[in-house]
Amino acid sequence: TYVLQVKEGGIFSKGGPQLFKVPGNSSEALKSDLMGLFEKRRCKNFFQFVAKYDPAAYKPGQPRILEGVDLDKTPFMDIIKKYELEPNTVDFVGHAVALFTTDDFLPRPAIETIEKIKLYMDSIGPVSYTHLTLPTIYSVQISVVAVSLKKK
């Protein structure tokens, strides 16, 4: 997943839109240009926390507790506070990774967001796509959408 970010130019930098890859695991968080040095470390720790969650380890009705946090009762905002994530990081985690369209996920139980983030992390897996394969993937998706629109 990529995000378009528009920055103002300064004395030593150019402004304008830039395309950034959204980190989906702890190693990508350390390489991301979306965050500063200290935020990269906090985001890495957060992704490591999420990576430890294994839904298969819990039986139905059993409380889902991860590192002493009851994910069924704790609001996601409390997890954000625990890892001291900045608002910009919360935005891309909630909207670009977990695919929420509003900020309603913040006061809801953390399990809902953690499961979506974990699904994203598992779907990208250890393999990252290079910039050479992305245009092919997007052109296939665009052609599928175009064909489906023609049928209507």
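J.: Can you help me understand the environment of Leu106 in this one?
T.: Topologically, Leu106 is positioned in the loop between helix H4 (87-97) and helix H5 (110-124). Expressed as a C-alpha distance, the spacing of Leu106 and Asp78, which sit 28 residues apart in the sequence, is 8.5 Å. Residues within four places of Leu106 in sequence aside, it is in contact with Pro75, Phe76, Met77 and Val90.

J.: Hey, could you run me through the packing of aromatic side chains in this one?
T.: The description of an aromatic ring pair uses the distance of the two centres, along with the angle that the planes make with each other. Counted according to the given criterion, the structure contains 7 aromatic pairs. Residues Phe49 and Tyr83 carry aromatic rings whose centres are separated by 5.4 Å and whose planes lie at 45 degrees to one another, so their mutual orientation is tilted. With a gap of 34 residues between them, Phe49 in helix H2 (residues 37-51) and Tyr83 in helix H3 (residues 76-83) connect regions that are remote in the sequence. Note on Tyr53 and Tyr58: the rings are 5.8 Å apart at their centroids and 20 degrees apart in plane angle, and the pair reads as stacked. One exposure class covers both Tyr53 and Tyr58, and it is buried. Each residue in the set Phe46, Phe47, Phe49, Phe76, Tyr83, Phe100 and Phe105 is aromatic and connected to the rest through ring pairs, giving one cluster. Positioned over the ring face of Phe100 is Lys116, at 4.1 Å from the centre of the ring.

J.: Sorry, what's going on with H2 here?
T.: Note on helix geometry: an α-helix contains 3.6 residues per turn, so any two residues three or four positions apart are oriented the same way. Taking 1.5 Å per residue as the helical rise, H2 with its 15 residues ought to reach 21 Å, and the 21 Å between its terminal C-alpha atoms agrees with that figure. Among the residues of H2, Glu39, Lys40, Cys43, Phe46, Phe47, Phe49 and Val50 are the ones counted as buried.

J.: For this particular structure, what's the right way to read unusual backbone geometry?
T.: Both trends apply: most residues other than glycine have a negative phi, and most peptide bonds are in trans. Unlike most non-glycine residues, Glu67 shows phi in positive territory, near 50 degrees. Summarising the element assignment, Glu67 is placed in the loop between strand E3 (65-66) and strand E4 (69-70).

About the thresholds
Residues numbered from 1 in each chain as written. Predicted model: local features only at pLDDT ≥ 70, side-chain atom pairs only at ≥ 80, totals over all residues. Heavy atoms only, no water. Helix = DSSP H or I, 4+ residues; strand = E, 2+ residues; numbered from the N terminus. Contact = heavy atoms within 4.5 Å. Phe/Tyr/Trp six-rings, centres within 6.5 Å; stacked < 30°, edge-to-face > 60°. Buried < 20%, exposed > 50% of the residue type's maximum accessible area, 1.4 Å probe, protein only. Lys NZ or Arg CZ within 6 Å of the ring centre and 35° of its normal. Expected span 1.5 Å × (residues − 1).

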